[in-house]
Number of protein chains: 2
Amino acid sequence: MKEHIEVTIYDIADKLNLATSTISRALKDHHSISKKTIEKVKKTAKEMGYRPNNLAASLRSKKTKTIGVLLPTITQPFLSSLISGIEIAAQKAGYNVVIMQSHDSYEQEVILTQSLYNNRVSGIICSLAMETQNTSHFQLFMDNNTPLVFVDRVPKAFNTFRVVIDNYMAGYKATQHLISQGCTRIAHLTAGSEFSIYYERKKGYIDALKEANLPIEEELIIKLKAITYEEAENATNKLLDLKRPPDGMFAPGDILGVSAIQCAKKRGVKVPEELAVIGFNNDPISHIIDPNLSTITHPAEKMGQASAEIILKNLKSSKRDEVKEITFLNTEVLVRESSKRN
Amino acid sequence: MKEHIEVTIYDIADKLNLATSTISRALKDHHSISKKTIEKVKKTAKEMGYRPNNLAASLRSKKTKTIGVLLPTITQPFLSSLISGIEIAAQKAGYNVVIMQSHDSYEQEVILTQSLYNNRVSGIICSLAMETQNTSHFQLFMDNNTPLVFVDRVPKAFNTFRVVIDNYMAGYKATQHLISQGCTRIAHLTAGSEFSIYYERKKGYIDALKEANLPIEEELIIKLKAITYEEAENATNKLLDLKRPPDGMFAPGDILGVSAIQCAKKRGVKVPEELAVIGFNNDPISHIIDPNLSTITHPAEKMGQASAEIILKNLKSSKRDEVKEITFLNTEVLVRESSKRN
DNA sequence: TTGTAGGCGTTATCAA
DNA sequence: TTGATAACGCCTACAA
């Protein structure tokens, strides 16, 4: 086994009879250093097996080149794509990505927020836990002038950057699409608090119905405890058991939409003829289910990339943006078999 | 906006008329500090809004409490579950997880390996890029005595920890299952080099056929350029166009199995009656496709957890394990509709 | 263009 | 049980 003594800029300075400051500058292509010196330093550094110590540099400069990412979970296709987008943008800029999962627990989120803070991340990207109502645990970053971007599940009233889709409009368009296919009794599954994205989607659903002069029927709106196949199956069964069952369903997540289709098929209810279904997210499962699930596209990777870029941009300009704008990304109705009626 | 001056152990020491070393120890519940002092210090620290600077601690102690994770991508269900397992184990131990994607590029992998090295990660977990043949870029960590765990896609000859499933046995069992269902012409899709997991699965497939005295037919084995729906569809079409088409297929990935089923259905070939299919991974899509895809379970989260725990364990004991054992996790044949014939 | 020197916030060693 | 002091490796005014 090789002996392993760390080579530092000190050692290089010694060898070349230069000052450490010169070495430090040369390695960073500082303009005040002559080309000859830069070359010499770099060559020697390589020969000696020097590797920069980011830790020391970070401590000194108070810049960590690390983006903290705090999400409910990373196994959902939408979220793993989001991370992928973040990672790609970060990698390009030489930044690291630290990932933490809140598992939708408010308590965990608070703890992990602290942890990211203690790690002096340069910026933080967060999608809120389902449980979270209060976001004061993020105030730390605000006070500290650390770029903070919320993505997808964002707080209502908090002056930070936000990268989102227009959930209201998406819900509206999804419902409108079902109406355009001739549905008149459209069911809807929902979840979470009045601060959640699901609430927005529901508002869009309701307004689309209103605009089409369709009644809002409470019995057609079911609130789920969680976004799971089981919950959606139970809800769908309940809906199909109604005296006047629905002829359409807007499921604000593909898991829910797929589950609804499976449930309908099991009961011999034909999709889309008797029940037209549209989901949300464009998860892989949506084009595996038979009939293929119509859905709303959700530009996960782009949202990740946009979030990371906002952070990087704010880190670059010495003075942070005072206006924390909201970035809206586009969604589209993806019409597939599960809702095509005419 | 609040002024933000960082509170350090210095400030606490000043306030309490104690030495910084005492503060440092007290905050860590060092046994040599009296209970009274510990309490006093902690209380004051809280009051003053102290937050530890992990950077400084890392620099001094040469321990970063960070696990580096280097994967081909994070959007595959198997890999995002793997990360989830790592993250959960790491979080429990107070470690951070830094994630990087090689996008199956050897060149990227080398660069990112360097980057993790420069960041002084405490340990590294890696699943190799599809392209990677040579793993000498990991030698750094070996020389440095940094725990290194390969997971799933592991190198053949490299004395490191490895967390894997028995791909040979899994391939063997999958094929055997099809044989038990009466299949006699079993097709197989494969990919990658002779060092890849797919090669092992293929060997299992071949040995199962041999053991059952079934011929190995070259025309039934198709090598794909990539693990995609398109590649699998093309291959399936080719297979079904044969004079004597197969009556079974072992697809070493659920994407491939699902694609095969879709292709067969499109052509009016009945699954499982005319073509029994078994996949690999137990991805979400496998139980959405109709008929449900039989598959091989792949304990992704457990593999992640096991990998992280190996690192943590080796970090704890001052002397590293010299024997880098291989950890085999169990897989099971999950029989679903796509292969059930009797 | 290069050098000097102090400090970033912590931990480790030795001494008291 | 506590304290004094020197690192850890780098960056950055300021000086030359």
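Residues numbered from 1 in each chain as written. Chains lettered and ligands numbered in written order. Predicted model: local features only at pLDDT ≥ 70, side-chain atom pairs only at ≥ 80, totals over all residues. Heavy atoms only, no water.

**A look at the pairing of strand β3 (residues 123-126) of chain B**
Residue and element names in this part refer to chain B. Burial along β3 is two-sided: the face carrying G123 and I125 and the face carrying I124 and C126 are both buried. In terms of strand pairing, strand β1 (residues 66-71) meets β3 through four bridges, oriented parallel. The residue of β3 that forms the bridge with V69 is I125. Summarising the sheet, β3 and strand β4 (residues 148-151) pair through three bridges and their orientation is parallel. Bridge pairing in β4 places I124 opposite L148. (Buried < 20%, exposed > 50% of the residue type's maximum accessible area, 1.4 Å probe, protein only. Helix = DSSP H or I, 4+ residues; strand = E, 2+ residues; numbered from the N terminus. Pairing = 2+ DSSP bridges.)

**Description of the protein's contact with DNA strand C**
Neighbouring residues of DNA strand C: 27 residues in total, closest R25 and R60 of chain A together with S24, Y50 and R60 of chain B. Among atoms of DNA strand C positioned within 4 Å of the protein, sugar and phosphate together represent 61%. Contacts to DNA strand C include S21 of chain A, whose side-chain N or O atom sits 3.2 Å from a base oxygen. Of all the secondary structure elements, the ones that give two or more residues to the surface near DNA strand C are α2 (20-27) and α4 (54-61) of chain A together with α2 (20-27) and α4 (54-61) of chain B. (Near = heavy atom within 4 Å. Polar contact = N/O pair within 3.5 Å; in protein donor to acceptor, adjacent residues only side chain to side chain.)

**Here's the deal with the domain arrangement of chain A**
Residue and element names in this part refer to chain A. Per the domain assignment, the segments of chain A are domain 1 (9-52), domain 2 (63-165 + 300-328) and domain 3 (167-298). Using C-alpha coordinates to define each centre, domain 2 is positioned 30 Å away from domain 3. Counting residues at the interface gives 11 residues for domain 2, matched by 15 residues for domain 3. For the pair domain 2 and domain 3, the summed buried surface comes to about 1100 Å²; carbon and sulfur atoms form 57% of the total. If you sort the residues of domain 2 by the area they bury against domain 3, M130, K156 and I165 come out on top, with a joint share of 48%. Inspection of the region where domain 2 meets domain 3 yields one salt bridge. A salt bridge links E200 to K156; the nearest nitrogen and oxygen atoms lie 3.5 Å apart. The interface formed by domain 2 and domain 3 holds three residue pairs in polar contact (both at pLDDT 80 or more) in total. (Domains from an automatic or database assignment. Contact = heavy atoms within 4.5 Å. Buried area = accessible area lost by both parts, 1.4 Å probe. Salt bridge = Lys/Arg side-chain N within 4 Å of Asp/Glu carboxyl O.)

**So, the environment of M249 of chain A**
Residue and element names in this part refer to chain A. Looking at the element boundaries, M249 is found in strand β8 (residues 248-250). For M249 and A276, which are 27 residues apart along the polypeptide, the C-alpha to C-alpha distance reads 6.2 Å. With near-sequence residues (within four places) excluded, M249 lies in contact with L178, I186, A187, L189, T236, L239, A260, L275, A276, V277 and I278.

**Some details on the protein's contact with DNA strand D**
The immediate surroundings of DNA strand D are formed by 27 residues, with S24, Y50 and R60 of chain A together with T22 and R25 of chain B found nearest. Sugar and phosphate atoms form 65% of the subset of DNA strand D atoms that lie within 4 Å of the protein. Contact between DNA strand D and R60 of chain A: a base oxygen at 2.3 Å from a side-chain N or O atom of the residue. R25 of chain B places a side-chain nitrogen or oxygen 2.6 Å from a base oxygen of DNA strand D.

**Brief notes about the side chain of T73 of chain A**
Residue and element names in this part refer to chain A. You can see T73 is positioned in the loop between β1 (66-71) and α5 (77-92). Accessibility expressed as a relative area gives 14% for T73, which makes it buried. A polar contact of 3.5 Å, which involves the side chain of T73, links it to the side chain of Q101. If near-sequence neighbours (up to four positions away) are discounted, T73 is found in contact with L79 and Q101.

**As for the sheet that holds strand β6 (residues 186-191) of chain A**
All names here are of chain A. Strand order in the open sheet formed by four strands is β7-β6-β8-β9, with parallel pairing between adjacent strands. Each edge of the open sheet carries a strand with a single partner, namely β7 (221-224) and β9 (276-278). If you compare each strand with its neighbour and ignore which way they point, the axes differ by 20 degrees on average. Alignment of β8 against β9, held across three bridges, turns out to be parallel. By the bridge assignment, F250 is partnered in β9 with I278. With respect to the sheet, helix α10 (residues 229-240) is in contact with β6, β7 and β8, its orientation differing from that of β7 by roughly 160 degrees. (Axes fitted to C-alpha atoms, helices over the stretch in contact; angles between N-to-C directions.)

**Looking at the sheet that holds strand β8 (residues 248-250) of chain B**
Pairing between the strands of a sheet comes from backbone hydrogen bonds, and it takes one of two forms, parallel or antiparallel. Residues and elements named next belong to chain B. If you trace the four strands from one edge of the open sheet to the other, you get β7-β6-β8-β9, paired in parallel fashion. Only two strands of the sheet have a single neighbouring strand rather than two, namely β7 (221-223) and β9 (276-278). Across the sheet, the mean angle separating the axes of adjacent strands is 15 degrees when strand polarity is ignored. By the bridge criterion, three bridges tie strand β6 (residues 186-190) to β7 in an arrangement that is parallel. Bridging from a neighbouring strand, T190 pairs with K223 of β7. Against the sheet, helix α9 (residues 197-211) makes contact with β6, β7 and β8, and its axis sits at roughly 165 degrees relative to β6, the strand it touches most. Here helix α10 (residues 229-240) sits on the sheet in contact with β6, β7 and β8, set at roughly 150 degrees to β6.

**Side note on the packing of helix α1 (residues 9-16) of chain A against helix α3 (residues 35-48) of chain A**
Residues and elements named next belong to chain A. Where α1 meets α3, the axes come as close as 10 Å, and the angle between the chain directions of the two elements is 120 degrees. Here α1 and α3 pass one another in a crossing that is right-handed. Together, D11, I12, K15 and L16 of α1 and K40, V41, T44, A45 and M48 of α3 make up the contact between the two elements. Residues of the contact of α1 with α3, tallied by class, amount to five nonpolar, one polar and three charged. (Left-handed = near helix turned anticlockwise from the far one by under 90°. Nonpolar A, V, L, I, M, F, W, Y, C, P; charged D, E, K, R; others polar.)

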